[in-house]
Protein chains: 4
Amino acid sequence: MSHNSFGHLFRVTTWGESHGPALGCVVDGCPPNIRLTAEEVQVWLDKRRPGQGKFVTQRQEPDAVKILSGVFADDRTDGQVTTGTPISMMIENVDQRSRDYSEIAQAFRPGHADYAYFAKYGVRDYRGGGRASARETAARVAAGAVARKILDGVTIRGAVVQIGPHAIDRSRFDWDQTTENPFWCPDPAMVSVWEEHLEMVRKSGSSTGAIVEVEATGVPAGWGAPIYGKLDAELAGALMSINAAKGVEVGAGFASAAFSGEENADEMRMGNDGPMFLSNSAGGILGGISTGQSVVARVAFKPTSSILSLRQSINEAGDDIDLRTKGRHDPCVGLRAVPVVEAMTACVLADAFLRHRAQTGGGAHLPGKVADR
Amino acid sequence: MSHNSFGHLFRVTTWGESHGPALGCVVDGCPPNIRLTAEEVQVWLDKRRPGQGKFVTQRQEPDAVKILSGVFADDRTDGQVTTGTPISMMIENVDQRSRDYSEIAQAFRPGHADYAYFAKYGVRDYRGGGRASARETAARVAAGAVARKILDGVTIRGAVVQIGPHAIDRSRFDWDQTTENPFWCPDPAMVSVWEEHLEMVRKSGSSTGAIVEVEATGVPAGWGAPIYGKLDAELAGALMSINAAKGVEVGAGFASAAFSGEENADEMRMGNDGPMFLSNSAGGILGGISTGQSVVARVAFKPTSSILSLRQSINEAGDDIDLRTKGRHDPCVGLRAVPVVEAMTACVLADAFLRHRAQTGGGAHLPGKVADR
Amino acid sequence: MSHNSFGHLFRVTTWGESHGPALGCVVDGCPPNIRLTAEEVQVWLDKRRPGQGKFVTQRQEPDAVKILSGVFADDRTDGQVTTGTPISMMIENVDQRSRDYSEIAQAFRPGHADYAYFAKYGVRDYRGGGRASARETAARVAAGAVARKILDGVTIRGAVVQIGPHAIDRSRFDWDQTTENPFWCPDPAMVSVWEEHLEMVRKSGSSTGAIVEVEATGVPAGWGAPIYGKLDAELAGALMSINAAKGVEVGAGFASAAFSGEENADEMRMGNDGPMFLSNSAGGILGGISTGQSVVARVAFKPTSSILSLRQSINEAGDDIDLRTKGRHDPCVGLRAVPVVEAMTACVLADAFLRHRAQTGGGAHLPGKVADR
Amino acid sequence: MSHNSFGHLFRVTTWGESHGPALGCVVDGCPPNIRLTAEEVQVWLDKRRPGQGKFVTQRQEPDAVKILSGVFADDRTDGQVTTGTPISMMIENVDQRSRDYSEIAQAFRPGHADYAYFAKYGVRDYRGGGRASARETAARVAAGAVARKILDGVTIRGAVVQIGPHAIDRSRFDWDQTTENPFWCPDPAMVSVWEEHLEMVRKSGSSTGAIVEVEATGVPAGWGAPIYGKLDAELAGALMSINAAKGVEVGAGFASAAFSGEENADEMRMGNDGPMFLSNSAGGILGGISTGQSVVARVAFKPTSSILSLRQSINEAGDDIDLRTKGRHDPCVGLRAVPVVEAMTACVLADAFLRHRAQTGGGAHLPGKVADR
């Protein structure tokens, strides 16, 4: 319910501003006796970390996470484990570059949340975007790292499938490629195109949008809860909450609007390992419940709003102004978003797992095994 | 939290199956002293009602709503008004056609929720799709009717902007046209194209997808709550929870992935009536908070999964089967979805209004009016 | 969150006013495949039903419950079972005696919720107390009947342990006696004392308070969730929400304020059937988590506020008035509360069971069985 | 919903263990533009701080609070103010005395949460009680300090009204006395009695229970939300969640069980300043809604379970053991609880205020002012 929390049973609350002393999250509801160390969380944070290439913000943040509660180790535990109590994680801000904010303190940067925060609250921490900064997503990634630990057998991975007008060729989609280039690109032939596009965008002080795809394999049938806790509804809400997200689709998504019924409905057959779908237009979800197929979603990200062109705007005093957004920024925020999309997906799935276990005891009823009934 | 409820302060809980005695909803948290009669709710239900044309299901349901609680009238009230207590509304099912379900009782219809419900629960009410039936959306429309009553000055309207492969020409977009044809079509030139397409689809026993657009005008700046209660995140979750929805986008949505930063960020100027945006790529929402522009979203609906072609599937016993989904159905479920999309938007906005009032007292801080601060 | 719902995973939403057409509840989150019929729910409602003796209100309500959704039966289910979807139950009001409300329509009856509802909402359904009427508790009892069905091995029973100044002698406490007299009295020697007291109260048009005790046996260790979801905190909130409740205590309760540490802390020993406590000052809960002992709570109920004496009050117009509360009422609302206290306890325990299963998989780690770890 | 959070709109999440690096809380939903500094929070923490007298634990903790987010100051704000974003507060543990825990690592101390945590989670941080330690209440006090800031015109204060068997004489109740002695005692004649009792308890290595009373004056009529969000139900749940609490009562509480209807129902008259009650058996709440009278509640605390006597217990291996609980502890935990009871009351009221404002716009409908309707 609260504004800065998400999840029902696997519940994440985040806090912190871009230029405050620190940011962090509290993860509540995590099952006990799960191995968890700061190093394991750090692995995922390092993937999201700024300052790692010329196409992402040059802000230098180590993003070193500390676990302040909820874990315990003694000679009888399997290393450091969760205790079932809230896991508080904190990341200190170290590169809040000291600068003069007088120019933007009263101005509303176009496309940013500045005006909306002002209108709502009448006060805002304008330094680096304050609470609306994408730095907040570090806390999501930390929470996602915990979520992954309780998702035994589930693999979650993300890829960028479009940057600007350049979409990948899906016939060349290869997950292994995503770790071989700085763009999470699954299509090797697209890498140089994107590099050129991003170089052009960066040089011109502009920015570009992108589409990120996420896939979760190994999700068993039965997760998700009709009607308003549908797995796809929860995913849509969680993914749309990411900074700069403007659209979310599951499975065939918007393309399914042009489908015929025959193209859309995935047929089934019994395979050697149980029920089998012959296609995956559904994106692994029917009626809001996972079917055992891979869960597939895509998120559209708008271009970073910080660009160097002179733009028309207004300020708090109600004056027309023209401003240029200087400062460190990502030309393509979608690139930075991949670990965040993965993390949100992990959190939604962990929550769905716990909710499913609560109502049904866990497990799935599989055809041909009527004894389960 | 519960699976069949949505909203935080304007809280809607729905219940009922397609072939049970009734369906309904409980709306909790509604402000008191709002005029509300069953007739006012009925107006919206009548727009969603089946049996109204050859392109929608022939099931005959009057969908007559009864208000069972939460309203009161005496000689001192302004007609019948809400009292602040839960509003229970009920719609009796009258056309649960008596038929033989033996064929589908154990079969999983491709594209339907049958398999997922079975896997999750091990039992399901297969008559007419049970809880997964689109009849559930009548309860959403009733709740939406209440939501509209508390949204003074806000107008919410929907249109179909694509059916199958045929998208409207946005340069001809005219809201007034949407009430002039049976397709909620805002582009008069598209009506005959869609009619022909739907006729073809209907005759062939197939179905087709669609995209619905919704616009809310008059939403003041300041509604929505960062970070996880963002107005667009709430909208995305609510709209994706509608039967057959596969994608949601806000403002420029997926198109913004191809935008440059200059194309994306809406510029501002002070107008005579206050702050003014020069474009609306954002869809009226920045940083998860409304800006005072029109809130605009689109939802992609997959084709109805009930089609007459013989399809491969399996049954509860784990046998391969081939089946044809007979029965009454909509060839384009997207057509029926328009009032539902409107209703969900109304509920999300009503909830955002109450949450905003809770935290801030309501109202917006407008530039140039520093005294408000 | 919403005002008229309680529980987290076993979630109950109630609706309805004393003199509206009906009242009811929606129970969401119930596990599937649990046998459930209206007859089983009716058993508990019949225990709460008014019109059953001279010491309870003479309003004649059959309180016949209908289950409108969430259950299903076919030749493969074990009778009628839950499906995991929301269970909507409705009870029609039939004895909303037609009368003239002009006298109380604008008056605030002392001790009633009249003034508070008016101050909060500015409008209220004054007929029979509207939403504040104890008739609402019928919906709680219906929900409690469902909760009991999922609490395998748990027995919940209530007793009245004090009426007016007359407390039972605990050395004579005998649960079997509670069904042998109309007062749920576990002390046979107290029955005639209470009868005499109630007769005196009834004749004088006055009313009297009472204390109800509830015990749940068979609750396994491990239910309840620190810190703010403590089992005793949840119980306290749920029981205090019952009409006329003014106090709640667990285990030794208020008496423990006078205890020494030695008197308070229950010692343990290993018994033949596992861990064993040598006393139960804790009331079966330590640190907010059940210990496997009986859960014991008590609720204090104030006297019914409807009495025949002339009382000083004011009305909506702000005039001083003197009024007498006529109408049908219980001289001791505590008597009617026993099934309600039991029902709320059942709902809290069912919710705790599901929450425990969600986070831990269910079960308890018992000393001496380190393999469980 | 989550286990370590409370409140709906004024939402507090706490984290931390007794012997971890730190503890803290995140307060979400706080209105913007409220002056808030760490110093203001510290004032309340200092009242709860251990190591301040011979009757409280000798653990030395400065309990210095840091505000890590949610506040902002520039030359246009009224000092440092809240921004409406989550307020994260942290208190570092500095006196986690290094000691040997081998004796209690596997033992269950009678009356403590040790056994319950083990049974639930199968693992526990036994150092100083881990999450179950009363150190957690520091985070509540910090949250309560924020709550007080938004409760304009409301004064919340607590007193101890009974220690062991020694209850105060209410005819001598004087709030001013509570700050004049180390026992929050409002009855000057009782101070020496308690001192003697506590000295005896301390010397014998035993402990004693207590009852704390809290009063909130200035609460306007209309706060609280029927039925399950009743103000007294919320208070009962919040207060019962405090460590060692065993009972909660509102107004006349358990005493009202012995009342007659005439003694119970508070009469009303119009006073010069509006509606006036002639007594306050209700404790300021009717039908779950505040009436404008003082809100009054009492909480019973059991004696500290850590005592020096040899006690029977068991250990994780399932062996019978006898143990003595050494270490620093409070002989009367009720003494330390006063600031915590106040803080929880403040949080509940702040939440009720925001919820009331959400549904109704705030304010109260007062008799004689029909124009308000």
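Our structure's up above, just so we're on the same page.
Residues numbered from 1 in each chain as written. Chains lettered and ligands numbered in written order. Predicted model: local features only at pLDDT ≥ 70, side-chain atom pairs only at ≥ 80, totals over all residues. Heavy atoms only, no water.

### Describing the interface of chain C and chain D
Okay, step 1: Across the boundary between the two partners, chain C contributes 121 residues, which contact 121 residues of chain D.
Okay, step 2: In total, about 9500 Å² of surface goes out of reach between chain C and chain D, with carbon and sulfur atoms giving 57% of it.
Okay, step 3: Summed over the shared surface of chain C and chain D, the number is six salt bridges.
Okay, step 4: Linking Asp 320 of chain C and Arg 269 of chain D is a salt bridge whose minimum nitrogen-to-oxygen distance equals 3.7 Å. (Contact = heavy atoms within 4.5 Å. Buried area = accessible area lost by both parts, 1.4 Å probe. Salt bridge = Lys/Arg side-chain N within 4 Å of Asp/Glu carboxyl O.)

### Thoughts on the environment of Met 190 of chain A
Residue and element names in this part refer to chain A.
Okay, step 1: Relative to the helices and strands, Met 190 is located in the loop between strand S9 (166–167) and helix H4 (191–203).
Okay, step 2: For the pair Met 190 and Asp 169, spaced 21 residues apart in the sequence, the C-alpha separation amounts to 8.0 Å.
Okay, step 3: Sequence-distant contacts of Met 190, that is, excluding residues within four places in its chain, are made with His 166, Ala 167, Ile 168 and Cys 185. (Helix = DSSP H or I, 4+ residues; strand = E, 2+ residues; numbered from the N terminus.)

### Here we look at the nonpolar core
Okay, step 1: If you look at the biggest cluster of nonpolar residues, it comprises 434 residues, and the most contacted ones within it are Phe 10 of chain A together with Phe 10 of chain D.
Okay, step 2: For Phe 10 of chain A, the residues in contact, after removing those within four places along its chain, are Val 27, Asp 28, Cys 30, Ala 143, Val 146, Ala 147, Ile 150, Cys 347, Ala 350, Asp 351 and Leu 354 of chain A. (Core = buried A, V, L, I, M, F, W, Y, C linked by side-chain atoms within 4.5 Å. Buried < 20%, exposed > 50% of the residue type's maximum accessible area, 1.4 Å probe, protein only.)

### Quick word on the pairing of strand S3 (residues 22–28) of chain B
Residues and elements named next belong to chain B.
Okay, step 1: With seven of its seven residues buried, S3 lies for the most part within the structure.
Okay, step 2: Of the two faces of S3, the one holding Ala 22, Gly 24, Val 26 and Asp 28 and the one holding Leu 23, Cys 25 and Val 27 are both buried throughout.
Okay, step 3: Here strand S2 (residues 11–16) pairs with S3 via six bridges, running antiparallel. Note that in S3 the partner of Arg 11 across the bridge is Asp 28.
Okay, step 4: Between S2 and the antiparallel strand that follows it, S3, lie five residues.
Okay, step 5: As paired strands, S3 and strand S7 (residues 87–92) are joined by six bridges and run antiparallel to one another. (Pairing = 2+ DSSP bridges.)

### Things to note about the sheet that holds strand S1 (residues 5–6) of chain A
Residue and element names in this part refer to chain A.
Okay, step 1: Pairing is antiparallel across the open sheet formed by five strands, whose spatial order is S1-S2-S3-S7-S4. Each edge of the sheet is formed by a strand with only one pairing partner; in this case those strands are S1 and strand S4 (65–67).
Okay, step 2: Contacts from helix H1 (residues 38–48) reach S4 and strand S7 (87–92) within the one sheet, and its direction differs from that of S4 by about 150°.
Okay, step 3: Helix-sheet contacts for helix H3 (residues 137–149) involve strand S2 (11–16), strand S3 (22–28) and S7, and the interaxial angle to S3 is about 30°. (Axes fitted to C-alpha atoms, helices over the stretch in contact; angles between N-to-C directions.)

### Digging into empty space enclosed by the protein
Okay, step 1: Within this model, the second largest cavity holds a volume of roughly 110 Å³.
Okay, step 2: Tyr 117, Arg 124, Asp 125, Gly 129 and Gly 130 of chain D are the residues nearest the centre of the second largest cavity, which is lined by 15 residues in total. (1 Å grid on protein atoms, 1.4 Å probe; cavity = no way out; pocket = protein on both sides within 12 Å on 5 of 7 lines; lining within 4 Å. Points joined across faces, edges and corners; volume = space filled by probe spheres on them.)

### Overview of the interface of chain C and chain B
Interfaces are frequently sized by the accessible area removed from exposure as the parts join.
Okay, step 1: With 48 residues of chain C in contact, the opposing surface of chain B contributes 48 residues.
Okay, step 2: Between chain C and chain B, a total of about 3500 Å² is buried, with carbon and sulfur atoms accounting for 62% of that surface.
Okay, step 3: When the area that chain C buries against chain B is broken down by residue, the three leading residues are Phe 72, Arg 76 and Val 123 of chain C, summing to 16%.
Okay, step 4: Viewed at the interface, chain B and chain C are joined by two salt bridges.
Okay, step 5: The partner of Glu 316 of chain C in a salt bridge is Arg 76 of chain B, and the shortest N-O contact between them spans 2.5 Å.
Okay, step 6: The set of elements that each furnish at least two residues to the side of chain C that touches chain B consists of strand S2 (11–16), strand S3 (22–28), strand S6 (81–82), strand S7 (87–92) and helix H3 (114–121) of chain C.
Okay, step 7: Top contributing element to the side of chain C that touches chain B by residue count: S2 of chain C, with five residues.
Okay, step 8: Split by residue class, the side of chain C that touches chain B holds 18 nonpolar, 20 polar and ten charged. (Nonpolar A, V, L, I, M, F, W, Y, C, P; charged D, E, K, R; others polar.)

Geometric values such as these leave the question of function open.
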